[in-house]
Amino acid sequence: MKAGAFKRITVAVDGSPASEAGVRCALSLAGDDTTLFFCRVVDPASAVRDIPLKAPLSPAELHAAARAACEDGVRKANARGVSANSVVVEEHPSRGILRCAHEHQSDAIVMGSHGRTGIARAVVGSTAEEVIRLSDVPVGVAHADDMLRAGPIAVAIDASDAANAALTIGIALARAVPCELHLFHVFGRADLKHIDALGQDHAERVKHASLEAAAVLEEAADRARSSGVAFESSMLEGNPAQELLEALDRYQCASAVVGTHGASELDRLLFGSVAFALVERARVPIFVVRQAERATSKESG
């Protein structure tokens, strides 16, 4: 019997290439004990807004298309022997996906991202980002042009509770695939911020911070080691998002897991976010775990 990384997964679908990538990602996570809930959110207001030059579909046509998208996912799951159900919700897209996940007690959400960037995202927003900010379960985001790799699962490590939660999910994913983990910590400004500069020159601060960073990475390695999952660990240096993006390609990682504090849209626009940068720019599935995530994945047994 193959155990899945999650027992109940809400899979957001809309028939697009990005959505199809999300379906493939969800199917790869499913085990004999997994149930997939293919969810299509019908939002007449967004249908009119997103396709302004076309005649809007009637409510009946919207629901028929939604049912077809869900049933296609169910057929694909059943063909692999995976239990699946279809759910059509009339709601704002992100709220509808979250509602579906809550009502079906899902321990993960998987969806595709169309990769809006720059002004388009600032004006219209991104359903995937809204779901990530508000979800209390891990969110897997796939892209239409994701590369299919058989390499390790990357986990971004730092001293935060969010990264600790991400490691829990990374271990569960590595066991389910199965595959190796690659733990990454990017040494940079964030490591220096909490070091008291009084009485220390810059070299001393860097040395102190680097030792603390190494300890954080080693603690994560101890957790991976005790779980029985094969792993490697690497210390990088520089801009966290850029270094992680390059590492995903350098080590041919199949996917990545990263924690987030659920920054608001304003925070993301002003200060940036490693998690959202990976979701936007990586071309492998990215699993984002909020600090308060409640996933019940099995790390120790």
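Residues numbered from 1 in each chain as written. Predicted model: local features only at pLDDT ≥ 70, side-chain atom pairs only at ≥ 80, totals over all residues. Heavy atoms only, no water.

Novice: What's the story with the overall build of the protein chain in this structure? I'm lost.
Specialist: Broken down by element type, the protein chain carries 12 helices and 10 strands. When burial is assessed residue by residue, the protein chain has 52% of its 301 residues classed as buried. Sequence-distant contacts in the protein chain: of pairs separated by 6 or more residues, those separated by 24 or more amount to 79%. A total accessible area of about 14400 Å² is found for the protein chain, and carbon and sulfur atoms account for 54% of it. (Helix = DSSP H or I, 4+ residues; strand = E, 2+ residues; numbered from the N terminus. Buried < 20%, exposed > 50% of the residue type's maximum accessible area, 1.4 Å probe, protein only. Contact = heavy atoms within 4.5 Å. Areas by Shrake-Rupley, 256 points an atom, 1.4 Å probe, with all protein chains shown as cover.)

Novice: What am I meant to see in the packing of helix α4 (residues 93-103) against helix α6 (residues 127-134) here?
Specialist: For any two helices packed against each other, the geometry is given by the interaxial angle and the distance between the axes. Following both chains from N to C, one finds α4 and α6 inclined at 45 degrees, their axes separated by 9 Å at the closest point. Here α6 runs oblique to α4, going by the angle between their axes. The crossing of α4 and α6 is right-handed. Contacts from P93, S94, I97 and L98 in α4 reach T127, E130, V131 and L134 in α6. Across the contact of α4 with α6, the residue classes break down as 5 nonpolar, 2 polar and 1 charged. (Axes fitted to C-alpha atoms, helices over the stretch in contact; angles between N-to-C directions. Parallel < 35°, antiparallel > 145°, perpendicular 65-115°, else oblique. Left-handed = near helix turned anticlockwise from the far one by under 90°. Nonpolar A, V, L, I, M, F, W, Y, C, P; charged D, E, K, R; others polar.)

Novice: Got a minute to help me understand the packing of aromatic side chains in this structure?
Specialist: Here the distance between the centres and the angle between the planes together describe a pair of aromatic rings. Tallied over the full model, the rule gives 1 aromatic pair. Geometrically, the ring pair formed by F184 and Y251 is tilted, given 5.5 Å between the ring centres and 55 degrees between the ring planes. Within this pair, whereas F184 is found in strand β7 (residues 181-187), its partner Y251 is found in the loop between α10 (240-250) and β9 (255-260), the two being separated by 67 residues in sequence. In this structure F184 comes out as buried when scored by relative accessible area, which is 1%. (Phe/Tyr/Trp six-rings, centres within 6.5 Å; stacked < 30°, edge-to-face > 60°.)

Novice: So what exactly am I meant to see when it comes to the sheet that holds strand β5 (residues 139-143) here?
Specialist: Strand-to-strand pairing in sheets goes through backbone hydrogen bonds, with the strands running parallel or antiparallel. Taking strand neighbours across the sheet as the criterion, the 10 strands line up as β3-β2-β1-β4-β5-β10-β9-β6-β7-β8 in an open arrangement whose pairing is mixed. The open sheet has two edge strands, β3 (83-90) and β8 (231-237), and neither has a second partner. Each strand of the sheet is rotated relative to its neighbour by a mean of 25 degrees, with strand direction disregarded. Where strand β2 (residues 35-42) meets β3, 8 bridges bridge the pair, whose relative direction is parallel. Note on β3: the bridge partner recorded for V42 is E90. Lying over the sheet, helix α3 (residues 59-79) contacts β2 and β3, oriented at roughly 165 degrees with respect to β3. Contacts from helix α7 (residues 161-176) reach β6 (153-156), β7, β9 and β10 (286-290) within the one sheet, and its direction differs from that of β9 by about 155 degrees. (Pairing = 2+ DSSP bridges.)

Novice: Explain α3 here, please?
Specialist: Spanning 21 residues, α3 covers 30 Å between terminal C-alpha atoms, matching the ideal 30 Å at 1.5 Å per step. Among the residues of α3, L62, A66, A69, C70, G73, V74 and A77 are the ones counted as buried. Looking straight down α3, one finds that the buried residues subtend no more than 135 degrees of arc, so they occupy a single side. Opposite its buried face, α3 presents the exposed residues A60, R75 and A79, each directed more than 90 degrees away. A positive phi of about 80 degrees marks G81, the residue just after α3. (Expected span 1.5 Å × (residues − 1). Arc of directions from axis to C-beta.)

Novice: Looking at this structure, I do not really get the confidence of the model for the protein chain. What am I missing?
Specialist: Keep in mind that low pLDDT regions are not for reading the predicted coordinates in detail. Here the protein chain shows a mean pLDDT of 85. Residues at 70 or above account for 80%. Long-range and interchain partners of residues 48-53, a stretch whose pLDDT sits below 50, account for 2 contacts in this model, where long-range means more than four residues apart. The low-confidence segment residues 293-298 (pLDDT under 50) makes 20 contacts with residues lying over four places distant or belonging to another chain. (pLDDT = per-residue confidence, 0-100.)

Novice: Any chance you could explain the nonpolar core here in plain terms?
Specialist: Generally speaking, soluble globular proteins have nonpolar side chains that are buried together. Counting 46 residues, the largest nonpolar core has L36, F38, L173, L181, L183 and V257 as the members making the most contacts within it. Top element by residues in this core is α7. It accounts for 8 residues. When neighbours within four sequence positions are excluded, V257 is seen to be in contact with I153, A154, V155, A156, A166, I169, G170, L173, F287 and V289. A12, C39, I109 and M111 belong to the second largest nonpolar core, which has 37 residues in total. (Core = buried A, V, L, I, M, F, W, Y, C linked by side-chain atoms within 4.5 Å.)

Novice: Honestly, the side chain of H143 in this entry has me stumped. Any pointers?
Specialist: Note that H143 resides in strand β5. Here D146 takes part through its side chain, which lies 2.7 Å from a polar atom of the side chain of H143. Only 3.5 Å separates the side chain of H143 from the backbone oxygen of A282, close enough to count as a polar contact. Filtering out sequence-adjacent residues up to four positions away, H143 remains in contact with A21, S113, V279, A282, R283, V284 and I286. (Polar contact = N/O pair within 3.5 Å; in protein donor to acceptor, adjacent residues only side chain to side chain.)

Novice: Looking at this model, I keep getting lost on the pairing of β10. Mind explaining?
Specialist: Within a regular strand, the side chains alternate between the two sheet faces. Along β10, 4 of the 5 residues are buried, which leaves the element largely enclosed by surrounding structure. Examined bridge by bridge, β5 and β10 share 3 bridges and lie antiparallel to one another. By the bridge assignment for β10, V141 is matched with I286. For β9 and β10, the ladder comprises 5 bridges, and the chain directions are parallel. Across the sheet, the residue bridging to V257 is F287, located in β10.

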